[in-house]
Amino acid sequence: MSESVTLPPSSEYAVEHLKREIAFMEDVAWGLAGCGDEYALLQAPMFMTQIEFAQKTLQHVEEGIPFTQLWYPGVPEFCTAMDLHWDGFTRVTLSGPLAYLVPEYLLKMLEESDMTGLPGDVCTLRRFETAAMLAGKFPRPTSAVACLHPCDGVSVFQSACEQMFPDTPMFWADSPYDSNERGITYYAGELRRQVEFLEKHHNKKLDWDRLREVIAVTDTQYELWKEFDLLKRNTPCPMGSWSGYPIHHMLQNCAVTNAAPVTTEYLKSLIAYAEKQVAEGKGRLENEKHRCLFMDIAPTWVGSITKILEEECNAVVVVDGMGDSRPYTPIDLTSEQTILEGLAKRYCMDTPMIRVSHGTLDAMLDDLRANVVDYNLDVVIAPGHIGHKDVQAAQGILRDTCREMGVKLLEFNYDLFDPRYTPEEEMRKILTQFFDAI
Amino acid sequence: MDELRLSKALETLTEASEAAASRELLAWRAAGGKVVGYYCTYVPEEIITAAGAVAIRLRARTNPETDTASAYMGNMCCSYVKHTFDMAMKGKYDFLDGVVVPTCCDSIRHMHENWVQYIPSQFSHQIEVPRRNDQDAHVAMFRDQLVRFREHLESALGVEITDERLHDAIKLHNETRALQRRLYELRKRENPPISGALTLTLIVAGTSMPKTDYNPLLRTVVEELEQVQGVPGARARLMFVGSCLDDPAYLDVIEGQGGIVVCDSQCFGSFQLSADVSEEGDPLDAITKNRLVDQAQCPHVSPSNQRTDYVKKIIEDFKVDGIVCSRMAMCDNWAGENFLLNRVEKLPVPVLNVEREYFSAASGQLSTRVQAFLETIEGARV
């Protein structure tokens, strides 16, 4: 008698959607290639790999080849080493870059999410995911591997997933609260079960030596990320706002290019660009007045907020909540156990957002203190995303920490996926008044 | 209900349910007894009892304000957390020797860090509650948490928590659960002799006074109620599902429309009494298994089918006609659960989805919606 939904019977809509998505991304890549802007061209590899990835998913769905669906922070290294194709729940939900680039498309997603019946104070990404699932946007995977983090909202998505794909085997890992040895051992156990799960449902055996090779490549990529971040410490900052954010996407989030040479080349090109800027004493902003830490993910309307910050406030977001290479530690490849523990640390205690949201506030406050000093920041922007209730519960502590450090703090409420929540004019007022005041 | 003589025991329990600290608790405190406050059913009261202290569940019905808490917590945090933390900051929990906070939701877990930072005079402990319970590793992890809690409590209160004391505490709390289940059994009757609001009053009373005082009082009330014939004519038998509710007045509004709330799936309700702790074997093993596996689980713990199965069983056992899903604003855990029950699960009864704050003022709106819901249920019978 409850008003239950009808499950999508096939992946027909998902296929149609994927095709449209690919066509759009090809247009973007084409436009990017011809734009002639050196800085914009740096991002071209990300689009190209997303296109290739979506094409591969399409091929798997159309030809009935088994694949898995990962929810960030799944461990793509396992899949790469097993030669198992995966797609990301988040990538499918946001249709790659569509939600970021096409306001009309984002609006349609918001309208669909409003129809799910989920309350408006639940993280909009979770509502997007649920709406996408109800609409049949997700190709039905052979299996799904996910983690019950970084927030309570994941349980919304998890419940929907379990019920909407009742015949799809799923592995939901529990991540520990503590970031110590106990926590690492615990999560390593979850990852071992994850490997067993993938082996069982895909009839493939993980070759641990192949996994070592994959991890070795990613370790090199993390080192390059650190090298890039060191360059961003220069004043003026050689890069524009959010420059670390795409790196996170390339390496981790959908990890569409996990261990792929294109990611290494992408990182090298960023370093080369930043080195050139530093050598010429150039910043991305001509008149850099403020260097900011934005303690959250780039919103879907990142374009307008960046414009306000950079052009009207002369402020650059040097470090953001996703684009920070700080915590990554190379993985000890000695044994299966050291590998699992290294990956446990990488995906539970180092990965952005998960790192600061799964345990106590120590990681968040330590990163804040270190970033302010290392990157010579004078402003901390702590937007209270509607879904980040953990950070909301720490506003007093955050304020007192910034006060102790003598750094200016701007706190406001927003929805990082829904520009209607804090319209552009309101955002302009908040930001310009704040920067005028300091 | 009119036939029920308001016994002295009932009066005492009703009074206890209204205050943050009952008269009995304050008497215990005045005699030098220790008191430990806690949030959430995953915190094992038995260990606190075995430490010689009284465990009370933190509530804030006497504090309609959040002005102080709002300086520390943003407006996306749930109102239950803010009202209780507000009380703490204002010194209204000064009768506590300590507080235990689980990691059961995003607002609560960082609220604990506020407690550590801004109320350092009190002992505080955080218990990690896994988000899954279907592997031995999850159970082992939770047991390890309880070992740490036991050790911390021993050092904080300067006591030894022996297995013998744990066994005694388990027996005491099982007695409480057995009495509360008798209360719930009465609600299975065709004409229950007790309303949902009064049941909640009696359950809440048990969270704010020593169990040694509570159990005899509750026994008296239960025995009295067992002799009472319920009044026929309820328009529908309803189930309450949702974020923690400790306010009987809320159920009064629902029942004021002619329905009767006969059961629930919430943590100030059936969760805590849904399963006994085994009195055999290692007591920490038994408590671990009870909390993480045997008792009804809240949406913090997956997989979700164990929760929906629980709801379906209750619908059957209590012959439920309709479900009122009432989520506290900003509560992500229950948003997911209510979505599941409303949109995904094929339940045999209709579901009404409503929202509330910890202090609910919108009783008119609730009345109207419940009224319409009852008409829907009645219409379906015709």
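All values derive from a computational prediction rather than experimental measurement.

## Remarks on the overall build of chain B
Here is step 1 of the chain: Counting its regular elements, chain B contains 15 helices and eight strands.
Here is step 2 of the chain: For a compact globule of 382 residues, the expected C-alpha radius of gyration is about 21 Å, and chain B comes in at 20 Å, within 12% of that figure.
Here is step 3 of the chain: In terms of overall dimensions, chain B has a C-alpha envelope of 65 × 45 × 45 Å along the principal axes.
Here is step 4 of the chain: For chain B, the residues scored as buried account for 65% of the 382 residues in total.

## Looking at the overall build of chain A
Here is step 1 of the chain: Counting its secondary structure elements, chain A contains 20 helices and eight strands.
Here is step 2 of the chain: On C-alpha atoms alone, chain A measures out to a radius of gyration of 21 Å, which is about the 22 Å that the 2.2 N^0.38 rule sets for 438 residues.
Here is step 3 of the chain: Considered along the principal axes of its C-alpha atoms, chain A spans approximately 60 × 55 × 45 Å.
Here is step 4 of the chain: Within chain A, the proportion of its 438 residues that are buried is 65%.
Here is step 5 of the chain: Sequence separation of 24 or more characterises 77% of the internal contacts of chain A that already satisfy a separation of 6 or more.
Here is step 6 of the chain: Mean positive and mean negative side-chain charge positions of chain A (39 and 66 charges, respectively) differ by 1 Å.

## A short note on the packing of helix α7 (residues 163-186) of chain B against helix α8 (residues 196-205) of chain B
Residue and element names in this part refer to chain B.
Here is step 1 of the chain: Orientation of α7 relative to α8, taken along the N-to-C sense of each, is 180 degrees, at an axis distance of 11 Å. Between α7 and α8, the crossing angle belongs to the class labelled roughly antiparallel. Touching Q180, L183 and Y184 of α7 are T199, L202 and I203, all from α8.
Here is step 2 of the chain: By residue class, the composition of the contact of α7 with α8 is four nonpolar, two polar and no charged.

## Focus on unusual backbone geometry
Here is step 1 of the chain: A cis amide bond links H149(A) with the next residue in sequence, P150(A), at an omega value of 20 degrees.
Here is step 2 of the chain: Note on placement: P150(A) falls in the loop between β3 (143-147) and α9 (153-164).
Here is step 3 of the chain: For the bond from S302(B) to P303(B), the omega torsion is 0 degrees, close enough to zero to count as cis.
Here is step 4 of the chain: For P303(B), the location among the structural elements is in the loop between α12 (283-294) and α13 (305-317).

## Description of the nonpolar core
Here is step 1 of the chain: Of all hydrophobic cores here, the largest spans 133 residues; its most connected members are Y39(B), W115(B), L153(B), L202(B) and I323(B).
Here is step 2 of the chain: Discounting residues that sit within four places of it in the chain, Y39(B) has contacts with R57(B), L58(B), Y80(B), T84(B), F85(B), V99(B), V100(B), V101(B), P102(B), I108(B), M111(B) and W115(B).
Here is step 3 of the chain: Core analysis: the next-biggest nonpolar cluster, separate from the first, contains 65 residues, W71(A), A132(A), V156(A) and C292(A) among them.

## With respect to the interface of chain B and chain A
Here is step 1 of the chain: The interface is formed by 59 residues belonging to chain B together with 58 residues belonging to chain A.
Here is step 2 of the chain: Roughly 4,700 Å² is buried in total at the junction of chain B and chain A, and carbon and sulfur atoms are behind 49% of that figure.
Here is step 3 of the chain: Sorting the residues of chain B by area buried against chain A places M76(B), R131(B) and R343(B) first, and these three jointly supply 16% of that buried surface.
Here is step 4 of the chain: In this assembly, chain B and chain A are joined by six salt bridges.

## As for the packing of helix α1 (residues 8-18) of chain B against helix α9 (residues 211-226) of chain B
Residue and element names in this part refer to chain B.
Here is step 1 of the chain: Relative orientation of the contacting elements α1 and α9 amounts to 125 degrees, with a least axis distance of 8 Å. With respect to each other, α1 and α9 are oriented oblique. Note on packing geometry: the crossing formed by α1 with α9 is left-handed. Between α1 and α9, the contacting residues are A9, L10, T12 and L13 on the first element and Y214, L217, L218, T220 and V221 on the second.
Here is step 2 of the chain: Among the residues forming the contact of α1 with α9, the class breakdown is seven nonpolar, two polar and no charged.

## Section: the sheet that holds strand β5 (residues 290-294) of chain A
Residues and elements named next belong to chain A.
Here is step 1 of the chain: Across the sheet, four strands lie side by side as β6-β5-β7-β8; this open sheet has parallel pairing. Looking at strand neighbours, the two that pair on one side only are β6 (315-320) and β8 (408-414), the edges of this open sheet. Here the strands of the sheet are splayed against their neighbours by 30 degrees on average, with no regard to which way each runs.
Here is step 2 of the chain: For β5 and β6, the ladder comprises five bridges, and the chain directions are parallel. Each bridged residue has a counterpart across the sheet, and for F294 the counterpart in β6 is D320.
Here is step 3 of the chain: Helix-sheet contacts for helix α20 (residues 424-437) involve β5, β6, β7 (379-385) and β8, and the interaxial angle to β8 is about 170 degrees.

## Observations concerning the sheet that holds strand β3 (residues 98-102) of chain B
Residue and element names in this part refer to chain B.
Here is step 1 of the chain: Read across the sheet, four strands follow the order β2-β1-β3-β4 without closing on themselves; strand pairing throughout is parallel. The open sheet is flanked by β2 (53-57) and β4 (123-127), the only strands paired with a single partner. Neighbour-to-neighbour, the strand axes of this sheet turn through a mean angle of 25 degrees, independent of strand direction.
Here is step 2 of the chain: Pairing of β3 with β4 involves five bridges; the strand directions are parallel.

## Focus on helix α5 (residues 106-118) of chain B
Residue and element names in this part refer to chain B.
Here is step 1 of the chain: With 13 residues, α5 should reach 18 Å at 1.5 Å per residue; the first-to-last C-alpha distance of 19 Å fits that figure.
Here is step 2 of the chain: Taken across its 13 residues, α5 has ten buried, putting it largely inside the fold.
Here is step 3 of the chain: Turning to α5, its buried residues number three or more, namely D106, S107, I108, R109, H110, M111, H112, E113, N114 and W115.

## As for α1(B)
Residues and elements named next belong to chain B.
Here is step 1 of the chain: When α1 is considered as a whole, its buried residues turn out to be A9, L10, T12, L13, A16 and S17. The buried residues of α1 all sit within an arc of 160 degrees when viewed along its axis, so they share a single face. Exposed side of α1, more than 90 degrees from the buried face: K8 and E18 are the residues found there.
Here is step 2 of the chain: Here the buried face of α1 lies against α2 (23-30), α8 and α9.

## Side note on the environment of F142(B)
Residue and element names in this part refer to chain B.
Here is step 1 of the chain: Structurally, the position occupied by F142 is in helix α6 (residues 136-157).
Here is step 2 of the chain: Taking C-alpha positions, F142 is 9.1 Å from K289, a pair spaced 147 residues apart along the chain.
Here is step 3 of the chain: Not counting residues up to four positions away in its chain, the partners in contact with F142 are Y42, I127, E128, V129, P130, T288, R291 and L292.

## A few points about the pattern of salt bridges
Here is step 1 of the chain: In the structure shown here, the tally under the stated rule is 63 salt bridges over all chains.
Here is step 2 of the chain: With a shortest N-O distance of 2.8 Å, R346(A) and E77(A) are connected by a salt bridge. Of this pair, R346(A) sits in helix α15 (residues 336-350) while E77(A) is found in helix α4 (residues 76-82), placing the two residues 269 residues apart along the sequence.
Here is step 3 of the chain: Salt-bridge contacts for K345(A) lead to D350(A); the nearest nitrogen and oxygen are separated by 3.0 Å.
Here is step 4 of the chain: Residue class for K345(A) comes out partly exposed when judged on its relative accessible area of 25%.
Here is step 5 of the chain: What makes D350(A) buried here is its relative accessible area of 2%.
Here is step 6 of the chain: Taken together, the salt bridges that share partners define one network made up of E46(B), R177(B), R181(B), D276(B) and R291(B).

## Focus on the confidence of the model for chain B
Here is step 1 of the chain: On average, chain B scores 94 in pLDDT, and the residues at 70 or more come to 98%.
Here is step 2 of the chain: Here the complex is predicted with pTM 0.94, and the ipTM for its interfaces comes to 0.91.

## Looking at the side chain of T168(A)
All names here are of chain A.
Here is step 1 of the chain: Among the structural elements, T168 can be located in the loop between α9 and β4 (170-173).
Here is step 2 of the chain: You can call T168 buried: its relative accessible area is 9%.
Here is step 3 of the chain: Not counting the four nearest positions on each side in its chain, T168 is found in contact with R140, P141, T142, S143 and A144.

## Description of the packing of aromatic side chains
Here is step 1 of the chain: A complete count under the given rule lists 27 aromatic pairs over all chains for this structure.
Here is step 2 of the chain: Aromatic pair W71(A) and F157(A): ring centres 5.8 Å apart, planes at 65 degrees, arrangement edge-to-face. Here the residue W71(A) occupies a position in the loop between β1 (68-70) and α4, and F157(A) occupies one in helix α9, the gap between them amounting to 86 residues. Each of the two residues, W71(A) as well as F157(A), counts as buried.
Here is step 3 of the chain: Taking the centre distance of 5.1 Å and the plane angle of 85 degrees together, the rings of F434(A) and F435(A) count as edge-to-face. Each member of the pair, F434(A) as well as F435(A), carries the same accessibility label: buried.
Here is step 4 of the chain: Grouped by ring-pair contacts, the aromatic residues Y72(B), F85(B), Y93(B), F95(B), W115(B) and Y118(B) constitute a single cluster.

So, how was this worked out
Residues numbered from 1 in each chain as written. Chains lettered and ligands numbered in written order. Predicted model: local features only at pLDDT ≥ 70, side-chain atom pairs only at ≥ 80, totals over all residues. Heavy atoms only, no water. Helix = DSSP H or I, 4+ residues; strand = E, 2+ residues; numbered from the N terminus. Rg over C-alpha atoms; globule rule 2.2 N^0.38 Å. Buried < 20%, exposed > 50% of the residue type's maximum accessible area, 1.4 Å probe, protein only. Contact = heavy atoms within 4.5 Å. Lys, Arg positive; Asp, Glu negative; His and termini not counted. Charge placed at Lys NZ, Arg CZ, Asp CG, Glu CD. Axes fitted to C-alpha atoms, helices over the stretch in contact; angles between N-to-C directions. Parallel < 35°, antiparallel > 145°, perpendicular 65-115°, else oblique. Nonpolar A, V, L, I, M, F, W, Y, C, P; charged D, E, K, R; others polar. Core = buried A, V, L, I, M, F, W, Y, C linked by side-chain atoms within 4.5 Å. Buried area = accessible area lost by both parts, 1.4 Å probe. Salt bridge = Lys/Arg side-chain N within 4 Å of Asp/Glu carboxyl O. Left-handed = near helix turned anticlockwise from the far one by under 90°. Pairing = 2+ DSSP bridges. Expected span 1.5 Å × (residues − 1). Arc of directions from axis to C-beta. pLDDT = per-residue confidence, 0-100. Phe/Tyr/Trp six-rings, centres within 6.5 Å; stacked < 30°, edge-to-face > 60°.

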